[in-house]
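Results of the structural survey
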Amino acid sequence: NLTKQTFTNFEVCFIDDGSSDGTKDLLLQLQKIDSRIHPFFLEENKGATFARNFGIQKTQGEWIMLWDSDDLLYPNALETIVSYQESLPDVDIFSAPAQASKRGKTMLFPERSEGRVTYEDILARRLPQNSKIRLTKRNIMQEVKYISKNVDFLVNVELVKRGKWFHINKTLGLLRIEDDEMSLTKQRKKKVLELSIERSKVLDVFLNEHGKKLFNESPALFSAYAYGVAVGQLLDGNYKVARMRATEALRGKKTARSCAVYILSYIPGGAGISKFLLRYIQ
């Protein structure tokens, strides 16, 4: 639906992440019809994180918007944002909400008033989760990399540190939310463990840099992140780090799960026990 935009001066960079379903042929046909379409083909599937970073570096436009293939951008979306750009030339990042649905049902999110977005807002996640429509100056976007799955908010933290952010209170698209409740089947259990460990390492770095500020802004959110780090580090056998982060999680908000991770960090073989109990402590 990007070709239906009322604002027409843009390029579309499609990143084909090693597909085998005929997508490549379709993109090549579209490129012949519309010269604004620039497809790039990865030889093998490398995941959304790699594909996003690859696309960010390939784009030539002054501004960058990331958009998933199964979501919709309303025809007036780009024109609306451009009108704000013209009236706010000092702004580097614009965001706007999208209507969101999951399993065919509309999801409700709190509204965010129109205006400037601060570092504290992003850190404490005061920007609604459906504010996925984001247009960023290319020179800023290319300084920031996606580093892991499902921790995209870290990109927002890095962006707001580098530029001025303005939120537009107009719904400009439709998001289809995937069901992220990962079942712990034998086929997927290993991936769940690996992802938990990967996220914990990323969040550990984040807390080292932003933890004190986040605790002041939102102790409960700080506790949730510290708990996530503690779980991943426990699974990875790093008992000392797991114990430290579990202690911090309890300082922000006392929960039975954080207590359980704290206790397991003192038990020899606690990593093995935590893997068995993963469905309960996650």
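Thresholds applied
Residues numbered from 1 in each chain as written. Predicted model: local features only at pLDDT ≥ 70, side-chain atom pairs only at ≥ 80, totals over all residues. Heavy atoms only, no water. Pairing = 2+ DSSP bridges. Helix = DSSP H or I, 4+ residues; strand = E, 2+ residues; numbered from the N terminus. Axes fitted to C-alpha atoms, helices over the stretch in contact; angles between N-to-C directions. Left-handed = near helix turned anticlockwise from the far one by under 90°. Contact = heavy atoms within 4.5 Å. Nonpolar A, V, L, I, M, F, W, Y, C, P; charged D, E, K, R; others polar. Parallel < 35°, antiparallel > 145°, perpendicular 65-115°, else oblique. Buried < 20%, exposed > 50% of the residue type's maximum accessible area, 1.4 Å probe, protein only. Expected span 1.5 Å × (residues − 1). Patch = residues over 30% accessible without salt bridge, like charges linked within 9 Å, V, L, I, M, F, W, Y side chains within 5 Å. Areas by Shrake-Rupley, 256 points an atom, 1.4 Å probe, with all protein chains shown as cover. Salt bridge = Lys/Arg side-chain N within 4 Å of Asp/Glu carboxyl O. Phe/Tyr/Trp six-rings, centres within 6.5 Å; stacked < 30°, edge-to-face > 60°. Lys NZ or Arg CZ within 6 Å of the ring centre and 35° of its normal.

1. Observations regarding the sheet that holds strand β6 (residues 99-102)
- One open sheet accounts for 4 strands, arranged β4-β11-β6-β7; its pairing is mixed. Bordering the open sheet on either side are β4 (72-73) and β7 (105-107), each of which pairs with just one other strand.
- Of the strand pairs in this sheet, β4 and strand β11 (residues 173-176) are connected by 2 bridges, and their pairing is antiparallel. Paired with leucine 72 across the strands is leucine 174, a residue of β11.

2. Thoughts on the sheet that holds strand β8 (residues 115-117)
- Across the sheet, 5 strands lie side by side as β3-β9-β5-β10-β8; this open sheet has mixed pairing. Each edge of the sheet is formed by a strand with only one pairing partner; in this case those strands are β3 (63-65) and β8. Adjacent strand axes in the sheet meet at a mean angle of 25 degrees, parallel and antiparallel pairs treated alike.
- Note: strand β5 (residues 93-96) against strand β10 (residues 165-167), 3 bridges, orientation parallel. The residue of β10 that forms the bridge with serine 95 is histidine 167.

3. Let's talk about the packing of helix α8 (residues 219-235) against helix α10 (residues 256-264)
- Across the interface, α8 lies against α10 with an axial gap of 10 Å and an inter-helix angle of 35 degrees. At the point where α8 passes α10, the crossing takes the left-handed sense. Contacts between α8 and α10 involve Tyr227, Ala230, Val231 and Leu234 on the former and, on the latter, Arg257, Ser258, Val261 and Leu264.
- Residue composition of the contact of α8 with α10, by class: 6 nonpolar, 1 polar and 1 charged.

4. Some details on the packing of helix α9 (residues 239-252) against α10
- Following both chains from N to C, one finds α9 and α10 inclined at 150 degrees, their axes separated by 8 Å at the closest point. The angle between the axes of α9 and α10 places the two elements in the roughly antiparallel class. For the pair α9 and α10, the sense of crossing is left-handed. For the pair α9 and α10, contact is made by Tyr239, Arg243, Ala246, Thr247, Ala249 and Leu250 and by Ser258, Cys259, Val261, Tyr262 and Leu264, respectively.
- Residue classes in the contact of α9 with α10 are distributed as 8 nonpolar, 2 polar and 1 charged.

5. Here we look at the environment of phenylalanine 153
- Here phenylalanine 153 is to be found in helix α6 (residues 153-162).
- With relative accessibility at 9%, the residue phenylalanine 153 sits in the buried group.
- Spatially, the C-alpha atom of phenylalanine 153 lies 8.4 Å from that of leucine 123, the residues being 30 residues apart in sequence.
- With near-sequence residues (within four places) excluded, phenylalanine 153 lies in contact with Arg125, Leu203, Phe206 and Tyr225.

6. Digging into α9
- With 14 residues, α9 should reach 20 Å at 1.5 Å per residue; the first-to-last C-alpha distance of 20 Å fits that figure.
- For α9, every residue scored as buried is listed here: Ala242, Arg245, Ala246, Glu248, Ala249 and Leu250.

7. Brief notes about a nonpolar patch on the surface
- Judged by side-chain polarity, Ile263, Tyr266 and Ile267 come together as a nonpolar surface patch covering roughly 290 Å² of accessible area.
- For isoleucine 263, the position within the fold is in helix α10.

8. Topic: the pattern of salt bridges
- Using the criterion set out here, one finds 17 salt bridges in the structure.
- Residue aspartate 121 pairs with arginine 112 through a salt bridge whose shortest N-O separation is 2.9 Å. There is no split in this pair, since aspartate 121 and arginine 112 are both buried.
- Residue lysine 201 pairs with aspartate 236 through a salt bridge whose shortest N-O separation is 4.0 Å.

9. Observations concerning the pairing of β5
- Residue alternation in β5 divides its side chains into two sets, Ile93 and Ser95 and Phe94 and Ala96, and both sets are buried.
- With 4 bridges joining them, β5 and strand β9 (residues 133-137) adopt antiparallel strand pairing. Across the sheet, alanine 96 pairs through a bridge with isoleucine 133, a residue of β9.

10. Re the packing of aromatic side chains
- Applying the stated rule across the entire model yields 10 aromatic pairs.
- Ring centres 5.5 Å apart and planes at 90 degrees place the aromatic pair phenylalanine 153 and phenylalanine 206 in the edge-to-face group. One end of the pair, phenylalanine 153, is in helix α6; the other, phenylalanine 206, is in helix α7 (residues 186-217), and 53 residues separate them in sequence. Like phenylalanine 153, the residue phenylalanine 206 is buried in the burial classification.
- Measuring from centroid to centroid gives 5.3 Å for phenylalanine 215 and phenylalanine 222, while their planes differ by 90 degrees, and the two rings are edge-to-face.
- A relative accessible area of 3% means that phenylalanine 222 is categorised as buried.
- Connected via pairs of aromatic rings, a cluster forms that spans Trp63, Tyr84, Phe94 and Phe166.
- Positioned over the ring face of phenylalanine 41 is lysine 24, at 5.2 Å from the centre of the ring.
- Taking the ring centre of tyrosine 146 as reference, the NZ or CZ of arginine 52 above it sits at 5.1 Å.

So far we have only geometry, and geometry alone does not tell us how the molecule works.
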